[in-house]
Amino acid sequence: MTSQSQPTPLVRAAQGTDAGAIAAVLARAFDDDPVWSWILPDEGSRVRRLTGVFSILLRGVHLRHEGTEAAGREGQVEAAALWDPPGRWRVPLRAQASHALPLIRSFGIRLPAALRALGEIEKHHPPEPHWYLAVLGTDPPAQGNGLGGALLRSRIERCDAAGIPAYLESSNPANIPFYTGFGFKVTRDLTMPGSCPPVQLMWRNPQ
């Protein structure tokens, strides 16, 4: 541990050319996530499969909204946040159809389990207008450098300025204190289908 202060991480809007790097970073970040570990139980293929899943989500949904941001030193992608603006968090049916085959390749025989779990989460999405944090993750070697906090602060400061709430689902109980430190509150412990671990739904009013 060093007593020297860390420089402020650079947060920037993600571009289409960042999709591959962001997908790889998020896959490594969620390799030990309880819910994703249940959906993709094979440790040997999980990062590869998650990289495919996040690549589909980025190109099919999140990069279109201009809410995705990346952070890292010297312009690197070491962390990313996938935000969706109010009313634009649903995956369009056209996008679902166009990505059916890539999703099958990524999830394999676990596709039905993944659809049940993700569908249960979607059913409980709040109807009030809000910014939605779909995914936030930091590459494991870069954790502890303030990247996640910088990404979260970047959007919620703008939410506060505009008077708009924010919402997320936490798939890892270990992350709850991090989010509560930024003003989010758990509104529900969501029981998931089968033996899938529960998910915590979190809401933040503008401050």
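Details of the structure are given in the entry above.
All of these numbers come straight from a predicted model, not from anything done at the bench.

Trainee: Could you clarify how one ought to interpret the overall build of the protein in this entry?
Mentor: Tallying secondary structure elements over the protein gives eight helices and seven strands in all. What you see for the protein is a C-alpha radius of gyration of 16 Å, in line with the 17 Å of a compact globule of 207 residues. Looking at the 207 residues of the protein, the share that counts as buried comes to 49%. Within the protein, counting contacts between residues at least 6 apart in sequence, those at least 24 apart form 74% of the total. Side-chain charges of the protein comprise 21 positive and 19 negative groups, with the mean position of each set lying 6 Å from the other.

Trainee: Please clarify how the sheet that holds strand 1 (residues 10-13) should be interpreted in this entry.
Mentor: Within a sheet, each strand pairs with its neighbour through backbone hydrogen bonds, oriented either parallel or antiparallel. Read from one edge of the open sheet, seven strands run 1-2-3-4-5-7-6, paired in mixed fashion. Both edges of this open sheet fall to strand 1 and strand 6 (185-190), since each of them pairs with a single strand only. Averaged over all adjacent pairs, the angle separating strand axes in this sheet is 25°, with direction ignored. Both strand 4 (residues 131-138) and strand 5 (residues 166-170) contribute to a ladder of three bridges, which runs parallel. When the sheet's bridge partners are listed, Tyr132 is paired in strand 5 with Tyr167. The strands that helix 7 (residues 147-162) touches are strand 1, strand 2 (69-72), strand 3 (79-84), strand 4, strand 5 and strand 7 (199-204); relative to strand 3, the one it contacts most, it runs at about 25°.

Trainee: When you look at the nonpolar core in this model, what are you seeing that I'm missing?
Mentor: Within soluble globular proteins, side chains that are nonpolar generally end up buried alongside one another. One finds Ile22, Leu26, Phe30, Trp36, Ile39, Phe54 and Phe107 to be the most contacted residues of the largest nonpolar core, which totals 39 residues. Counting only elements with at least two residues in this core, the list comes to helix 1 (19-29), helix 2 (34-39), helix 3 (43-60), strand 3, helix 6 (111-123), strand 4 and strand 7. In terms of residue count, the dominant contributor to this core is helix 1 (seven residues). Grouped together as the second largest cluster of nonpolar side chains are 20 residues, Ala71, Trp131, Ile176 and Met202 included.

Trainee: How do you make sense of the pattern of salt bridges when you look at a structure like this?
Mentor: Side chains that carry opposite charge are capable of pairing whenever their charged atoms lie near each other. Enumeration over the complete set of coordinates arrives at seven salt bridges. Here Arg73 ties to Glu78 by a salt bridge, and the two come within 2.5 Å at their closest N and O atoms. A residue is classified by how much of its surface remains accessible, and Glu78, at 7% relative accessible area, is buried. Asp160 is the partner of Arg204 in a salt bridge, and the nearest nitrogen-oxygen pair spans 2.7 Å. Placement of Arg204 in strand 7 and of Asp160 in helix 7 is noted, with a sequence separation of 44 residues between them. Overall, the relative accessible area of 22% leaves Asp160 in the partly exposed class.

Trainee: Even after reading the chapter, I still don't get the packing of helix 1 against helix 3, so can you show me in this structure?
Mentor: When two helices pack together, their arrangement is given by the angle between the helix axes and the distance between those axes. Two numbers describe how helix 1 lies on helix 3: the axes approach to 8 Å, and their chain directions differ by 135°. Taken as axis vectors, helix 1 and helix 3 run oblique relative to one another. Crossing hand, helix 1 versus helix 3: right-handed. Across the interface between the two elements, Ala19, Gly20, Ile22, Ala23, Ala24, Leu26, Ala27 and Arg28 of helix 1 pack against Val47, Leu50, Thr51, Phe54, Ser55, Leu58 and Arg59 of helix 3.

Trainee: When you look at the packing of helix 3 against helix 5 (residues 100-107) in this model, what are you seeing that I'm missing?
Mentor: At a minimum axis separation of 8 Å, helix 3 and helix 5 run at an interaxial angle of 155°. Relative to helix 5, the element helix 3 lies roughly antiparallel. Handedness of the crossing formed by helix 3 with helix 5: left-handed. Here Arg49, Gly52, Val53 and Ile56 of helix 3 lie close against helix 5, whose contacting residues are Pro102, Leu103, Arg105, Ser106 and Phe107. In terms of residue class, the contact of helix 3 with helix 5 is built from five nonpolar, two polar and two charged.

Trainee: Can you help me understand the side chain of Asp33 in this one?
Mentor: Relative to the assigned elements, Asp33 resides in the loop between helix 1 and helix 2. Of the buried charged residues, Asp33 lacks a salt bridge, with Arg46 as the closest side chain of opposite charge at 8.6 Å. Only 3.1 Å separates the side chain of Asp33 from the backbone nitrogen of Val35, close enough to count as a polar contact. A polar contact of 3.0 Å, which involves the side chain of Asp33, links it to the backbone nitrogen of Trp36.

Rules used throughout
- Counting of residues starts from 1 at the beginning of each chain's written sequence and follows it residue by residue.
- This being a predicted model, a pLDDT of at least 70 is required before a residue's local features are given, and a value of 80 or more before pairs of side-chain atoms are given or counted; all residues contribute to the totals for chains, interfaces and linings.
- The side-chain numbers reported here are obtained from all heavy atoms of the structure, hydrogens and water having been left aside.
- Every helix listed is a DSSP run of H or I at least four residues long, and every strand listed is a run of E at least two residues long, numbered separately from the N terminus.
- This radius of gyration counts C-alpha atoms alone. The globule rule is 2.2 Å times how many residues there are, raised to the power 0.38.
- Each residue is assigned to one of three classes by its accessible area relative to the maximum for its type, calculated with a 1.4 Å probe on protein chains only: buried under 20%, partly exposed between the two thresholds, exposed over 50%.
- Contact criterion: two residues are considered in contact whenever any of their non-hydrogen atoms come within 4.5 Å of each other.
- Under the counting rule used here, the positive set is Lys and Arg, the negative set is Asp and Glu, and His together with the chain ends is not counted.
- A charge is said to be at NZ when it belongs to Lys, at CZ for Arg, at CG for Asp and at CD for Glu.
- Any two strands are treated as partners once DSSP identifies two or more bridges connecting them.
- Structural elements are reduced to axes, namely lines fitted to C-alpha atoms, with helices fitted over the stretch in contact, and the angle between N-to-C directions of any two is expressed from 0 to 180 degrees.
- Put simply, buried Ala, Val, Leu, Ile, Met, Phe, Trp, Tyr and Cys residues joined by side-chain atoms within 4.5 Å make one nonpolar core.
- By definition, a salt bridge exists where a carboxyl oxygen of Asp or Glu is found within 4 Å of a side-chain nitrogen of Lys or Arg.
- Our angle categories are set so that under 35 degrees counts as roughly parallel, over 145 as roughly antiparallel, 65 to 115 as roughly perpendicular, and the remainder as oblique.
- Take the far helix as your reference; a near helix turned counterclockwise from it by less than a right angle gives a left-handed crossing, and one turned clockwise gives a right-handed crossing.
- Throughout this entry, Asp, Glu, Lys and Arg are counted as charged residues, while Ala, Val, Leu, Ile, Met, Phe, Trp, Tyr, Cys and Pro are counted as nonpolar. The remaining residues, Gly among them, count as polar.
- Think of a polar contact as two N or O atoms within 3.5 Å of one another; within protein, one of them needs to be a possible hydrogen donor and the other a possible acceptor, and neighboring residues in sequence only count if both atoms come from side chains.

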